[in-house]
Amino acid sequence: MAKVSIIGSGRVGSTTALFVAQKGLADVVLIDVVEGLPQGTALDIGQTKSLEGFNVSITGTNDFEAMNDSDIVVVTAGLARKPGMTRSDLLEKNAAIVKSVAEGILMYAPFSLVIVVTNPLDVMTYLVFKILNFEKNRVIGMGGVLDSARFASFISEKLKVAVEGVSPMVIGAHSDAMVPLKNHTKVLSKSLTEVLSSQEIEEVITKTRQAGAEIVSYLKTGSAFYAPAAAICHMVKSILKDEKKVLPACVYLNGEYDLKEVCLGVPVKLGRTGVEEIVEVSLSEEEKSALVFSAESVKKDITTLNLTGCKLVKER
Ligand code: A3D
């Protein structure tokens, strides 16, 4: 049985544990700094076994050592947005948390694949990548799968078609600077531009950009967690089952899409070894400049953290 460790047993971490366990994908270890939280959560999820019909083990602990031999480590430790905050507002506090988690991964799970979820996602993925110095296929940020799922749900509502008929593709930063790809988003094999007017497309894009903030404004005490956890689980499944799905994920770019020294969402093939390929799709001039703008916004956050001087120990 594969092993997935989830660092951070808050709303996203605990819901991810539930989804991964209920799908029987892996044994799950929940880890958090708050005493009792991962232990209690793991017991609660474990007690759904007979009702939901799954049989993996699920444990909770405050001990980072428990992540040893993990196939995948999911990083959800950190603060979530409150109303009025952008994801970048979380930068400094979450960087400190993510650094300590990355050091734990380095010590206890040096052969794992790592899925980063803590916001601001793209800069946290970069930070984890730089600290771990793993091969670039092993550090993957989750942002694009969630943005794409939201895009698909708004398109399906607009067109009144089943959401399974929509194949969305949203790349770029996991922020307002995301880049929804109109020509690579298909509805029953037709491109989005064939089934919606440009005004309708702009409407669904605006809704997608604002989807996270809308949920924060209702919840007030935190941010979305069901759809984020479902998105993480989708990536975990593509990896552990070696499905090789092409999904948008945040990865370190070294010339792909003419971008360097940044982590950003692009289409990737996700299989048992992690990112098996960065898929370069053709972009319109407008999309290319939107992607450059997206990358610049992430680099700005990286500079804020004074990380640009953070060199790889070895070139991969
Ligand atoms: P929350 O419910 O507050 O859970 C975070 C958990 O992290 C808490 O239980 C903390 O105790 C724990 N924690 C803090 N520091 C550490 C540490 N050093 N080691 C281990 N655990 C620690 O938040 P949440 O689950 O709603 O969100 C978690 C993170 O995910 C936030 O940064 C969110 O912004 C982010 N998030 C990202 C997405 C994306 O799509 C990228 C979506 C939703 C949430």
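These figures come from a predicted structure and were not determined experimentally. (Residues numbered from 1 in each chain as written. Predicted model: local features only at pLDDT ≥ 70, side-chain atom pairs only at ≥ 80, totals over all residues. Heavy atoms only, no water.)

(A) Examining the confidence of the model for the protein more closely. In this model, the protein carries an average pLDDT of 95, and 97% of its residues clear a pLDDT of 70 or more. Predicted confidence is poor over residues 312–316, with pLDDT under 50, and the contacts of this stretch with residues over four places away or in other chains come to eight contacts. (pLDDT = per-residue confidence, 0-100. Contact = heavy atoms within 4.5 Å.)

(B) How the structure looks around the site of the ligand. Among the 30 residues in the neighbourhood of the ligand, the closest are listed as R11, V12, D32, L79 and V117. Between the ligand and the protein, one listed contact pairs an oxygen atom with a backbone N or O atom of G78 at 3.3 Å. For the ligand, an oxygen atom lies 3.0 Å from a polar atom in the side chain of N119. Expressed as a share of its isolated accessible area of 870 Å², the protein-covered part of the ligand is 87%. (Near = heavy atom within 4 Å. Polar contact = N/O pair within 3.5 Å; in protein donor to acceptor, adjacent residues only side chain to side chain. Areas by Shrake-Rupley, 256 points an atom, 1.4 Å probe, with all protein chains shown as cover.)

(C) How the structure looks around the nonpolar core. The biggest cluster of nonpolar side chains holds 87 residues, and the ones touching the most others in it are V4, I72, I105, I115, M235 and V236. It is helix α5 (residues 121–132) that contributes the most residues to this core, eight residues altogether. Excluding anything up to four places from it in sequence, I105 contacts M67, V73, V75, P110, S112, V114, L132 and F134. (Core = buried A, V, L, I, M, F, W, Y, C linked by side-chain atoms within 4.5 Å. Buried < 20%, exposed > 50% of the residue type's maximum accessible area, 1.4 Å probe, protein only. Helix = DSSP H or I, 4+ residues; strand = E, 2+ residues; numbered from the N terminus.)

(D) Expanded view of helix α8 (residues 198–219). Between the first and last C-alpha of α8 there are 32 Å, a value that for 22 residues agrees with the 32 Å anticipated at 1.5 Å per step. Considering bend angle alone, the principal kink of α8 is centred on A211 and spans about 50°. Burial in α8 covers these residues: I201, V204, I205, T208, A211, G212 and V216. Contact partners of the buried residues in α8: α6 (144–159), β9 (178–180) and α7 (192–195). Positive phi appears at K220, one or two residues downstream of α8, with a value of about 65°. (Expected span 1.5 Å × (residues − 1). Bend = angle between axes of the 7 residues up to and from the residue.)

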